[in-house]
Every structure is written in structure tokens, then in C-alpha cells.
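An overview of the molecular structure
Each chain, written out:
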Amino acid sequence: MTNGNSCFLVGIGGSGMMPLAMILRARGWTVSGSDRGLDQGRVAAKFDALRNAGIALYPQDGSGVTSPDQLVIASAAVEETVPDIVAANRLGCPRATRAQMLANLFNDSTLPIGVAGTSGKSTVTGMIAFILHQTGRDPTAMNGAVMKDFVSPDSPFASALVGGGEAFVSEVDESDGSIALYDPAIAVLNNVSLDHKSLEELRDLFGGFAGRARHVVANAGDAETAALLADIPNLTTFAVEGAADLVAEALKPEPFAISFDLITGGAGYHVRLSVPGRHNVSNALAAIGASVAAGIPLIDAIRAVERFTGLKRRFERVGEANGVTVIDDFGHNPDKIAATLDTLHAFPGRLLILFQPHGYGPLKVMRTELVDSIARRMRDGDVFVLPDPAYFGGTVAREVTSADIVADLRAGGVDARHIADRAEAAAMLVAEARPGDRIVVMGARDDTLSLLAEDMVERLAWTG
């Protein structure tokens, strides 16, 4: 882990790999990489940003892996048959997963702050990073999403922040079990619910993560999270309209903001966030709790988080045309989709939703909970459209498909439609939209969804 080392990232354009590459480059590593998206010509601006940071990019054909001195880093999803991995094995290159490399950086820092939970990780990570930055702590942050407050002409894809301070803030992932690699000084635990693993596995992973921390900030309003906290010392709890150390009351939602009263230690503070939704109130409580545990005065943390403007693809208002608003959202599991639908239905207007599942495996795991969450929240006139899941290569079992989810939803009375081709699904929603509607593009692990949302705004403008 010394500066000047050479590493090659396979899948460097991924949401977890790109910020890792940026942090390593900023810390003096020689960084290069490859990506299927680069070879396929997808999201060219992202790869331009990597090149501008001094990172060399290669086709994913093995040509970039040329020396046994290169550390080859790949996510667990990258197959051993990928030419870059074949070349690394042939040369005897040292290997690491993305999570192992990130965990090394995280654990070596003076003040590692880890954010865990099935939902809200990226937003809470961004909020903590913003609070620490605004209060002069100069943190390093690793995020799976672009933090809009740190975007600049020199950093258009600001999913990483590299500072010289003690704090290293990172979201940690339970989906591949890599949460077990992280040893946080401060652990944030948002919630525990189904996404990629069973609840039994999640309880073990999250419980172990919290147990290794010096201080835990946890959502007492989430039943599964609260059940993990009985024997944990140095604990700060938070809850929206519940019992906890940090409590949010008197919520007043706005279309793209929300205000509330923060009650703690017998005192009250009025807070107005620049991001909407009850879920973001919970996220802000988590971020405030973690920041105070890191030594930030409470009032400074509150005033900073009020200025946080959010993340790309987290309830992001892309634009409006002919009275129709288009929103780009990362919703892809029952909790995230529920939060978005609840936030939108606090105000009038029909919802036209395009949800691209992020894989066949998650559909199988989430099927019952996903259908129930959507069916309970869709209203008369709303439309829910599913194209086929995102697929970027590799072998995968297709036991549960978008058509199966649509059949389940229709059986529950939802106007759900399976349109296999995503472009055709988007065109149908644009054609059906009328003034006052909100179109929502949902899904994970596919940067081109943002481009689709922008294209829908343009198409809506043409229809006028």
C-alpha cells in the first residue's frame, strides 16, 4: 500500500470502482484499467474524466495487464474468463477484490467512518462527507454515487473526495459479504432488509460490523436494526417520530425539500433539508449522529446538512417539459422504491414509472417483498413498466423475470406492463404522459439510465 505502486482495475467505470481509482490516483498510485462499458461506447464522459485524472484506459482484451508488478483489482462479479484476468493469472500478478482494496485504505485511516444498511448508504455517506468538509475536517470519502456538492469542471463525476484529514468516510456493502472486512471507528447502521441476502445472513453481517466499532450510530426506528443493538456500548440512536437519542418530529414535506424538528437532549432545533422525503430525514439524523461522534458540534452539523443538495440518481429532478416532470432515481429494492413512491405520493400527480431491475438474481430474492411494496403504494392511474433486467454479460440463471413480476403486480390490481426493450418502454411512457404527471426512471448498476431520463425530457419537449 505504498505510494507509487501500479494497479490495474478491471471494470474501472463501475460505481464502486471509479471512486476507488480516483482515490488511488490522488494518493500517488499509477492507475490504469478497462471496462466493458468503454468497449461498448457507453457513457463516454465518465471515461474521459478518468483519462483527465491521469488514468490510462485499455480495451478489456488483456492488453493493459503487462507486468507481474501490477496489482490487478476486480469486483467479485468479474469472471475468471475475462481476458484481463486471464493475463493477470498468466503473469502471476497479485490480485485483490475492490472490497479488499477499499477495506485496506479504510482500515489504515485514523478515523474510519463506515456507513452500512440496505438503503440510504450513499446518501448518508455524502451527507457525512459534506458536513465534515464544510466544518474544515478535509475528509476523504468513497461513495457509490456522484456527490453533487463536490462536482466541478475538474471533477464532473465526484463519487470520490480526497482530503488530507483524519476521516475516511465510506459506504460498506453487505450484498457480497465484504462488510466483514471493515473495522470502523464509527459505524452507521441505517436499516436491515431484504436485497441480495437472507435476513439471517444480514443480521450476522450487520451485527458483526457494529460490534467491531468504537461508536455506533443506529436507526432505532427500524425493527431489525434495533434488535441488533441490545449489547452495544457507545451507542447513538436515531428515529423519525420514535424514541431515540436523536428524534425527528413535525415533518413538513415539500416537493423537493422537507423540514422537521430535531429533538435531542431535551433541546429542539428546526431543520430544513434541501432534499425531499421522510427517508432523507432519517438519513440526515444518521449523518448528524456520526458527525457529532466524530467531534463536530451539533449545531454545526445541523447547519451543514441543511446545505447538502443530494446525489446524482437519488430522487434527482432531471427536468420538466410540457408540464411533465422527469425524475431519475436509484430505487431498486423494496425499501428504496417504497421511499420514492411515498415521497412522490405526498403531492398530487400521476406516476409513470420505468423500473429496470438490476439483475435476475435480485428479482428472485426480492420477488414477494418487491411486489408487495409496489402494489401497496400504486394508485389509480399510476403505471408501472418493467423492461428486462440489466445484463452486461456473463452467465446468469433467469428463474424470475420482469414478466413474472408484472404478472404478480397485475394480479394485485396494478397497471403493470412488461415491455422487454427499454427504449420502447420509455417511448410508451412519453407518449402516455400528460401535464401534471411525474415520470420516474428507476434502477441500479446502469449509468445509461440517467441518459435515458435526459432523453425522455427532450422527447417530452418535442411532443409539445
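Quick note: structure is the one above.
Summarised in this report is the structure supplied together with it. (Residues numbered from 1 in each chain as written. Predicted model: local features only at pLDDT ≥ 70, side-chain atom pairs only at ≥ 80, totals over all residues. Heavy atoms only, no water.)

A few words now on the overall build of the protein. Scanning the protein from terminus to terminus reveals 15 helices and 21 strands. Computed over C-alpha atoms, the radius of gyration of the protein comes to 22 Å, within 12% of the 23 Å expected from 2.2 N^0.38 for 464 residues, which places it in the range of a compact globule. Seen along its three principal axes, the alpha-carbon backbone of the protein occupies a region of about 60 × 55 × 45 Å. Scored against the burial criterion, the 464 residues of the protein give a buried share of 55%. Within the protein, contacts between residues at least 6 apart in sequence are counted, and of these 67% link residues at least 24 apart. Working note: accessible area of the protein is about 17,900 Å², and carbon and sulfur atoms make up 49% of it. One way to put it: in the protein the 40 positive side-chain charges average out to a point 2 Å from where the 56 negative ones average out. (Helix = DSSP H or I, 4+ residues; strand = E, 2+ residues; numbered from the N terminus. Rg over C-alpha atoms; globule rule 2.2 N^0.38 Å. Buried < 20%, exposed > 50% of the residue type's maximum accessible area, 1.4 Å probe, protein only. Contact = heavy atoms within 4.5 Å. Areas by Shrake-Rupley, 256 points an atom, 1.4 Å probe, with all protein chains shown as cover. Lys, Arg positive; Asp, Glu negative; His and termini not counted. Charge placed at Lys NZ, Arg CZ, Asp CG, Glu CD.)

Right, let's talk about the packing of helix H12 (residues 360-375) against helix H13 (residues 402-411) for a bit. Interhelical geometry of H12 versus H13 gives an angle of 30° and a closest axis separation of 10 Å. Considering how the two elements wind past one another, H12 and H13 form a crossing that is right-handed. Residues Leu363, Arg367, Leu370, Val371, Ile374 and Ala375 of H12 form the contact with H13, whose participating residues are Ser402, Asp404, Ile405, Asp408 and Leu409. Residue composition of the contact of H12 with H13, by class: seven nonpolar, one polar and three charged. (Axes fitted to C-alpha atoms, helices over the stretch in contact; angles between N-to-C directions. Left-handed = near helix turned anticlockwise from the far one by under 90°. Nonpolar A, V, L, I, M, F, W, Y, C, P; charged D, E, K, R; others polar.)

So, about the pattern of salt bridges. All told, the structure shown has 20 salt bridges when counted by the stated rule. In this structure, glutamate 254 engages arginine 272 in a salt bridge whose closest nitrogen and oxygen atoms are separated by 2.7 Å. Of this pair, glutamate 254 sits in strand S13 (residues 246-254) while arginine 272 sits in strand S15 (residues 267-273), and the two are 18 residues apart along the sequence. Lysine 364 is paired through a salt bridge with glutamate 399; the nearest N and O atoms lie 2.9 Å apart. Residue lysine 364 is found in helix H12, and its partner glutamate 399 is found in the loop between strand S19 (383-386) and H13; the two are separated by 35 residues along the sequence. Residue classification places lysine 364 among the partly exposed positions, given a relative accessible area of 46%. Look at glutamate 399 and you get exposed, because its relative accessible area is 51%. Through salt bridges that share partners, Arg350, Asp415, Arg417, Glu432 and Asp437 make up one connected network. (Salt bridge = Lys/Arg side-chain N within 4 Å of Asp/Glu carboxyl O.)

This paragraph deals with unusual backbone geometry. For glutamate 241, which is not glycine, the phi dihedral falls at a positive 55°. Positive phi values are uncommon outside glycine, yet asparagine 322 reaches one of about 55°. Take asparagine 322: it is sitting in the loop between strand S16 (316-321) and strand S17 (324-329). Owing to a relative accessible area of 42%, asparagine 322 belongs among the partly exposed residues under this scheme.

Okay, the sheet that holds strand S10 (residues 186-189) next. What the ten strands build is an open sheet, ordered S8-S7-S9-S6-S10-S11-S12-S13-S14-S15; its pairing is mixed. The sheet terminates laterally at strand S8 (160-161) and S15, the two strands that pair on one side only. Summarising the sheet, S13 and strand S14 (residues 257-264) pair through six bridges and their orientation is antiparallel. Bridge pairing in S14 places valine 247 opposite isoleucine 263. Strand contacts of helix H1 (residues 17-26): strand S7 (140-142), S8 and strand S9 (167-171), with the helix running at about 155° to S7, the strand carrying the most contacts. The sheet contacts of helix H10 (residues 298-305) involve S14 and S15, and relative to S15 the element is tilted by about 20°. (Pairing = 2+ DSSP bridges.)

For the rest of this paragraph, the subject is the packing of H1 against helix H5 (residues 98-108). Interhelical geometry of H1 versus H5 gives an angle of 45° and a closest axis separation of 11 Å. As the angle between them shows, H1 and H5 are arranged oblique. Helix-helix and strand crossings are classified by hand; for H1 and H5 the assignment is left-handed. Residues Met17, Leu20, Ile23 and Leu24 of H1 form the contact with H5, whose participating residues are Arg98, Met101, Leu102 and Leu105. Among the residues making up the contact of H1 with H5, the classes are represented as seven nonpolar, no polar and one charged. (Parallel < 35°, antiparallel > 145°, perpendicular 65-115°, else oblique.)

Moving on to the nonpolar core. Counting 48 residues, the largest nonpolar core has Ile113, Ile128, Phe260 and Leu273 as its most contacted members. Excluding residues that lie within four positions of it along the chain, leucine 273 makes contacts with Ala257, Ile258, Phe260, Asn280, Val281, Ala284, Val305 and Glu306. With 46 residues, the next largest nonpolar core counts Val31, Ala99, Ala103 and Phe209 among its residues. (Core = buried A, V, L, I, M, F, W, Y, C linked by side-chain atoms within 4.5 Å.)

It is worth spelling out the side chain of glutamate 316 at this point. Within the element layout of this structure, glutamate 316 appears in strand S16. On the basis of relative accessibility, which here comes to 10%, the residue glutamate 316 falls in the buried class. Apart from the residues within four sequence positions on either side, glutamate 316 is in contact with Lys148, Leu311, Val326, Ile327 and Asp328.

Below, the discussion takes up the pairing of strand S4 (residues 71-74). In the case of a regular strand, side chains alternate between the two sheet surfaces. Burial along S4 is two-sided: the residues Leu71 and Ile73 and Val72 and Ala74 are all buried. As paired strands, strand S1 (residues 6-10) and S4 are joined by four bridges and run parallel to one another. From the neighbouring strand, leucine 9 faces S4, where its bridge partner is isoleucine 73. With three bridges connecting them, S4 and strand S5 (residues 95-97) associate as parallel partners. Residue pairing in the sheet places valine 72 in a bridge with arginine 95 of S5. Between the parallel pair S4 and S5, the chain is carried across by helix H4 (residues 83-91), and the sense of this crossover is right-handed. (Right-handed = clockwise from strand over helix to strand, strands pointing away.)

This brings us to the sheet that holds S19. Reading across the sheet, the six strands line up as S16-S17-S21-S18-S19-S20 and stay open at both edges, with mixed pairing between neighbours. Two strands close off the open sheet at either side, each with one partner strand: S16 and strand S20 (416-418). For this sheet the average axis-to-axis angle between neighbouring strands, irrespective of direction, equals 20°. Summarising the sheet, S17 and strand S21 (residues 438-443) pair through five bridges and their orientation is parallel.

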